[in-house]
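So the chains spell out like this:
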Amino acid sequence: MRTFKKLVLSLLVVLSLVVVFQIITPELPITSVVQASSIKISKTKYTMNKGEKYTLKIKGTKKSVKWTSSNKKIATVNSKGKVTAKKKGTVTITAKVGSKKYKCKIKVEAPKINKTSKTLYINNTYTLKISGTSQQIKWSSSNKDIATVNSKGKVTAKKVGNTTIKAKIGSTKYSCKITVKNNNSSITTGQSNALKSAKSYLEFLSFSKEGLKSQLEFEGYLSSEIDYAINNCGANWNEQALKCAKSYLDSLDFSKKGLIRQLEFEKFEDSEIGYAIENCNADWYKEATECAKSYLNSSSFSRDSLYNQLEFEDFEEDEIEYALTQVGY
């Protein structure tokens, strides 16, 4: 009986020690091990173009990351992991998280296009080339009616006009301005004279594209001759709109809306009018003031009637109030 009690007592002591050991033994840092093994850098190798930017990321941790570049002359990296390609070469970008390092090998290329401008005659072809890159090139034309380009950079001239051929490598674009002309031997006397007339008009006056067409039609030129002149006169229609706007502002007083209406009357496109308004440097307060003075020089106006007249001219309320103050009202 005594032996049995001793055996039971011994078993109870052993069980107690096991329970106590389990309670006081700390758990292994399983979470930390899993977290450390799941930390990754978004790219281990990457190709960039000179001047391009790309942001590397560390995934799987919220700890602070220290970024460094093995050669800052080739590529730099900021505290957010944004890499800036500086010049051709290879560099290693390192992200340090605690005692662990994660690396990305960056190859910087400096692609070049063999032509930035090229003149072609209708039906002629020319192959543009990009040197200094191992990356995929995506070619496109801004106006396929003028010239097309295939996946190898081969440009085919379709009709008279201008277009831009673009080569996209990564996020960087390289472009070549293509001018398509008629073969000189096929230019008629009428086309030649229409072109001379168009250039002569543009030398002394400002025209919209449609306005110049109307003028040449008035001169009796044929449609084919007018099209040739318009496409080959070298006019920048944005600059023509700006020239027209400045001409009006030099001779008359306009509100912003009034000037827009006038340019619409001259048949300029909306984008051309927007360019002119943005770059004409008009002071609309001054225009309102000069308009008010002009009215008062020709007749007598009460404050209300002058206000109404300026409102009719489409000046804004604050411009009108400013003008009235300047003329003594």
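Residues numbered from 1 in each chain as written. Predicted model: local features only at pLDDT ≥ 70, side-chain atom pairs only at ≥ 80, totals over all residues. Heavy atoms only, no water.

1. Describing the side chain of threonine 163
The criterion, for reference: Each helix is a run of H or I in the DSSP string that is no shorter than four residues. Each strand is a run of E no shorter than two, and both are numbered from the N terminus. Exposure categories follow from relative accessible area, calculated using a 1.4 Å probe and restricted to protein chains: below 20% of the type maximum is buried, above 50% is exposed, and the middle band is partly exposed. Under the rule applied, a polar contact is a pair of N or O atoms within 3.5 Å (in protein, one hydrogen donor and one hydrogen acceptor; residues adjacent in sequence only if both atoms are side-chain atoms). The contact rule is simple, with two residues in contact once any of their heavy atoms fall within 4.5 Å.
Residue placement: threonine 163 occurs in strand 17 (residues 161-169). Note on threonine 163: relative accessible area 2%, which makes it buried. Of the polar contacts made by the side chain of threonine 163, one reaches the backbone nitrogen of asparagine 143; its length is 2.9 Å. Ignoring anything within four residues of it in the chain, the contact list for threonine 163 reads Ser141, Ser142, Asn143, Ile146, Ala147, Cys176, Lys177 and Ile178.

2. Observations regarding the confidence of the model for the chain
Rules: As a per-residue measure, pLDDT reflects the predictor's confidence and takes values from 0 up to 100.
Of the residues in the chain, 88% have a pLDDT of 70 or more, and the chain-wide mean is 89. Ignoring residues within four places in sequence, the model shows residues 17-34, a span with pLDDT below 50, making zero contacts including any to other chains.

3. A closer look at helix 9 (residues 284-298)
As a reminder of what qualifies: Residue count minus one, scaled by 1.5 Å, sets the expected span of a helix.
Under the 1.5 Å per step criterion, the end-to-end length of helix 9 is 21 Å for 15 residues, consistent within 8% with the ideal 21 Å. Those residues of helix 9 that fall on the buried side of the exposure criterion are Trp284, Glu287, Ala288, Thr289, Cys291, Ala292 and Tyr295. The secondary structure elements touched by the buried residues of helix 9 are helix 6 (237-251), helix 7 (256-265), helix 10 (303-312) and helix 11 (317-326). Structurally, the start of helix 9 carries an N-cap: the backbone nitrogen of tyrosine 285 is 3.1 Å from a side-chain oxygen of aspartate 283.

4. So, the sheet that holds strand 14 (residues 138-141)
Stated precisely, the cut-off is as follows: The pairing criterion is simple: DSSP has to find at least two bridges between the two strands. Between N-to-C directions, angles span 0 to 180 degrees; the directions come from axes that are lines fitted to C-alpha atoms, helices contributing only their stretch in contact.
If you trace the four strands from one edge of the open sheet to the other, you get 11-18-17-14, paired in mixed fashion. Two strands bound the open sheet, and with one partner strand each, they are strand 11 (117-121) and strand 14. The sheet shows a mean angle of 25° between the axes of neighbouring strands, direction not considered. Judged from the nine bridges that link them, strand 17 and strand 18 (residues 172-181) form a sheet pairing that is antiparallel. Bridging across to strand 18, isoleucine 169 finds its partner in threonine 172.

5. Considering the packing of helix 6 against helix 8 (residues 270-279)
To keep things clear, this is the line we draw: Oblique is the label for any angle not under 35 degrees, not over 145, and not in the 65 to 115 range, which are roughly parallel, roughly antiparallel and roughly perpendicular in turn. We call a crossing left-handed when the near helix sits turned anticlockwise from the far one by less than a right angle, and right-handed when that turn is clockwise. Residues are sorted three ways: Asp, Glu, Lys and Arg are charged, Ala, Val, Leu, Ile, Met, Phe, Trp, Tyr, Cys and Pro are nonpolar, and all the rest, Gly among them, are polar.
Where helix 6 meets helix 8, the closest approach of the two axes is 8 Å, and the angle between their N-to-C directions is 50°. By the angle between their directions, the pair helix 6 and helix 8 is classed as oblique. In the crossing of helix 6 with helix 8, the sense of the turn from one axis to the other is right-handed. Facing helix 6, whose interface residues are Trp237, Asn238, Glu239, Ala241, Leu242, Ala245 and Lys246, helix 8 presents Ser271, Glu272, Tyr275, Ala276 and Asn279. Counted by class, the contact of helix 6 with helix 8 contains six nonpolar, three polar and three charged residues.

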